[in-house]
Amino acid sequence: ARLGPARVVPDIFAANAALFLVEWMLLGSQPRLATAVLYLHSNVLGAVAISSFWPLLNEGFDPYRANPLMARVAAGAAFGGLLGGVGAERAVALFPVGTLLPLLALVCGGCVAGALVIGRGVPLNRERATTEAEPAGLWAQFRQQRLLRDLTLVITLAAMVAALVD
């Protein structure tokens, strides 16, 4: 538990945010160094950050009820990637050079908050879950499961960061 996903994942996103800010500060005075750090940062820590969501999910969900939800999680990640790519293109087209880096730091800050929310995940009461009737549809399930809503937000933000960096 000391080094579990609930503790490590928010730290990974915080490090991501901090590195984006460092790269932004270096961009004006040492653009070659900023470029090298950004390259290493996005290829190493970015991949770790994106893949760290799955262990966080494994801790936060009951495995029997989580299986059907994982397709929705993956769809949220794909949608976040689309939004991130479009958002990155628009930020680069509309704002001065380097503006994207503090925006990425801000999005990573949102990922930190979301990972903290998911990490404190309330254990599912298995007795209640087995006696309740299943919700009628996708939106009913989405409205009733706070963890799923929070997870969708965080994964969308993380996919946006991944798309913006790429």
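These numbers come from a predicted model, not from an experiment.

A. Seen up close, the nonpolar core. Judged by nonpolar contacts, the single largest core of 36 residues is most densely connected at Phe13, Phe20, Phe53, Leu57, Phe61, Leu104 and Leu151. Listing elements by their share of this core, those giving two or more residues are helix H1 (5-29), helix H2 (31-51), helix H3 (53-60), helix H5 (70-94), helix H6 (100-119) and helix H9 (146-165). At 10 residues, the largest contribution of residues to this core is made by H6. Beyond its immediate stretch of four places on either side in the chain, phenylalanine 20 contacts Leu38, His41, Leu101, Leu104, Ala105, Cys108, Val161 and Val165.

B. Examining the pattern of salt bridges more closely. Counted under the stated rule, the structure contains one salt bridge. A salt bridge links arginine 90 to glutamate 89; its shortest N-O distance comes to 2.7 Å. Taking the relative accessible area as the measure of exposure, arginine 90 reaches 39% and is therefore partly exposed.

C. Region of the structure containing H6. A rise of 1.5 Å per residue sets the reference length of H6, with its 20 residues, at 28 Å; its end C-alpha atoms lie 28 Å apart and thus fit the reference within 8%. Among all positions in H6, only Leu100, Leu101, Leu104, Ala105, Val107, Cys108, Cys111, Val112, Gly114, Ala115 and Ile118 are buried. The inward-facing, buried residues of H6 abut H1, H2, H3, H5 and H9.

D. Region of the structure containing the environment of valine 37. For valine 37, the position within the fold is in helix H2. The partly exposed category is assigned to valine 37, whose relative accessible area is 23%. Along the sequence, valine 37 and glutamate 23 sit 14 residues apart, while their C-alpha atoms lie 6.8 Å from each other. Sequence-distant contacts of valine 37, defined by excluding residues within four places in its chain, comprise Leu19 and Glu23.

Rules used in this analysis
Residues numbered from 1 in each chain as written. Predicted model: local features only at pLDDT ≥ 70, side-chain atom pairs only at ≥ 80, totals over all residues. Heavy atoms only, no water. Core = buried A, V, L, I, M, F, W, Y, C linked by side-chain atoms within 4.5 Å. Buried < 20%, exposed > 50% of the residue type's maximum accessible area, 1.4 Å probe, protein only. Helix = DSSP H or I, 4+ residues; strand = E, 2+ residues; numbered from the N terminus. Contact = heavy atoms within 4.5 Å. Salt bridge = Lys/Arg side-chain N within 4 Å of Asp/Glu carboxyl O. Expected span 1.5 Å × (residues − 1).

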